[in-house]
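Listed here are the chains, written in short residue letters.
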Amino acid sequence: MSESKKPTTEVVADYNGYDYKKIFWEDADRKYEDLADRMAVRRLLPSQVDNFVDIAGGYGRLADEYIPRAKTATVFDYSKTELAQAKELYGDKIKTKAGDIYKLPFDDASVDALIMVRATHHFKDMQKVSDQLYRILKPGGVAVIEVANKKTLPKMMRYWTGKSDINPFSREVARLKELNAGEFYNYHPKYIEEIFKRSGFQIDEVLSVSNFRSAKLKQIFGTKNLVKMEKTAQKLLAPIRFAPSIYYKLVK
Ligand SMILES: C[S@@+](CC[C@H](N)C(=O)[O-])C[C@H]1O[C@@H](n2cnc3c(N)ncnc32)[C@H](O)[C@@H]1O
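Residues numbered from 1 in each chain as written. Predicted model: local features only at pLDDT ≥ 70, side-chain atom pairs only at ≥ 80, totals over all residues. Heavy atoms only, no water.

Trainee: Report on the nonpolar core, specifying residues and quantitative values.
Mentor: Within the largest apolar cluster, 30 residues are counted, with the highest numbers of intra-cluster contacts made by Ile55, Met116, Met126, Leu133 and Phe196. Elements that contribute at least two residues to this core include exactly strand S1 (49-55), strand S4 (111-116), helix H5 (126-136), strand S5 (137-148), helix H7 (189-199) and strand S9 (245-251). In contact with Met116, other than residues within four places in its own chain, are Ile55, Ile101, Phe123, Met126, Val129, Leu133, Val144, Ile145 and Glu146. Counting 27 residues, the second-largest nonpolar core is a separate cluster that includes Val41, Leu62, Tyr66 and Leu207. (Core = buried A, V, L, I, M, F, W, Y, C linked by side-chain atoms within 4.5 Å. Buried < 20%, exposed > 50% of the residue type's maximum accessible area, 1.4 Å probe, protein only. Helix = DSSP H or I, 4+ residues; strand = E, 2+ residues; numbered from the N terminus. Contact = heavy atoms within 4.5 Å.)

Trainee: Give me unusual backbone geometry: which residues, what numbers.
Mentor: With phi around 45°, Ala109 is a residue other than glycine that occupies positive phi space. Tracing the backbone shows Ala109 in the loop between strand S3 (95-98) and S4. Unusually for a residue other than glycine, Arg118 sits at a positive phi of about 55°. In this fold, Arg118 is placed in the loop between S4 and H5.

Trainee: Lay out the environment of Ile55 in plain terms, naming residues and giving numbers.
Mentor: Turning to its location among the elements, Ile55 is positioned in strand S1. According to the relative accessible area criterion, Ile55 is buried, its value standing at 0%. For the pair Ile55 and Val147, spaced 92 residues apart in sequence, the C-alpha to C-alpha distance is 13 Å. Here Ile55 is in contact with Phe76, Ile101, Leu104, Leu114, Ile115, Met116, Val117, Leu133 and Ile136, once residues within four sequence places are set aside.

Trainee: I'd love a proper account of the confidence of the model for the protein chain, names of residues and values included.
Mentor: Averaged over all residues, the pLDDT of the protein chain is 92; the fraction at 70 or higher stands at 94%. For the stretch residues 1-8, pLDDT sits under 50, and the model shows 4 contacts to residues farther than four places along the chain or on other chains. (pLDDT = per-residue confidence, 0-100.)

Trainee: Lay out the site of the ligand in plain terms, naming residues and giving numbers.
Mentor: The full set close to the ligand counts 20 residues, and Tyr20, Ala56, Arg61, Asp77 and Val117 are the nearest of them. A distance of 3.2 Å separates a nitrogen atom of the ligand from a polar atom in the backbone of Tyr78. Interatomic distance of 2.9 Å between a side-chain N/O atom of Asp100 and a nitrogen atom of the ligand. Protein chains bury 98% of the 600 Å² of accessible surface belonging to the ligand in isolation. (Near = heavy atom within 4 Å. Polar contact = N/O pair within 3.5 Å; in protein donor to acceptor, adjacent residues only side chain to side chain. Areas by Shrake-Rupley, 256 points an atom, 1.4 Å probe, with all protein chains shown as cover.)

Trainee: Describe the packing of aromatic side chains, with residues and values.
Mentor: Evaluation of the coordinates by the stated rule reveals 15 aromatic pairs. An angle of 75° between the planes, with centres 5.4 Å apart, marks the rings of Tyr15 and Tyr18 as edge-to-face. Summarising the aromatic geometry, the rings of Phe196 and Phe201 are spaced 6.4 Å apart at their centres and angled 90° between planes, so their arrangement reads as edge-to-face. Take Phe196 and Phe201: they sit in the same class, and that class is buried. One aromatic cluster is present, formed by Tyr15, Tyr18, Tyr20, Phe24, Trp25 and Tyr59 through successive ring pairs. The ring of Tyr59 carries Lys21 above its face, with NZ or CZ at 6.0 Å from the centroid. (Phe/Tyr/Trp six-rings, centres within 6.5 Å; stacked < 30°, edge-to-face > 60°. Lys NZ or Arg CZ within 6 Å of the ring centre and 35° of its normal.)

This is how it looks when you write it as structure tokens:
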């Protein structure tokens, strides 16, 4: 078996055969989270780009946000199931490319801008991932990356009340068990920011996103009001890295 055909041991979440769109987004009450992601992407992505890639983009959930800004938009993902769905949804408006994040099939300095949303929790080696993203960007290129934050208030509460032994204040990567899909990871903002800087990135802007991700809050306030509050909170709470999703606008 050639080196490139060998199954990688680093893939931790295989979405082949899984209907992520239906099960995770449509059958669950996640309208607020979806709108919060869209708001952040709109705020951080340049208004016009030539060559754009949605890294680990799944079925292209956020494609409506970047297609109008990009000359060429490519959805990159490991799962052929996700990519086939993306093609079905967006046809000629997008290109798709399959591969593994740890060996991105894009030339050095070939991409003007990229996003990577809701993917870091699957990646065990974020330094390698960050180095790959840096490699494919052109000088001056922009990466908008969402990071799963380990230092949130609910996680602090669980730690203080003894319900979890994961210390949200330590920079160590939090390894969590997912019911069916093995492990997933949460990161301390300071840890991840060091990684980005080590790759060579400059951190241009930070947003705190999905600040009110809670079934109770959705019940009390309703999605519409939470989205209104989210608009202010994304910038206001960014300095304390409050939310479960921290968005970074990185520049090469
Ligand atoms: C939670 S989904 C996020 C999809 C999309 N970014 C969104 O926000 O809806 C995570 C995606 O990461 C992809 N993925 C997981 N491991 C990967 C790897 N090693 N290389 C490329 N993609 C990977 C999965 O196939 C899946 O589509």
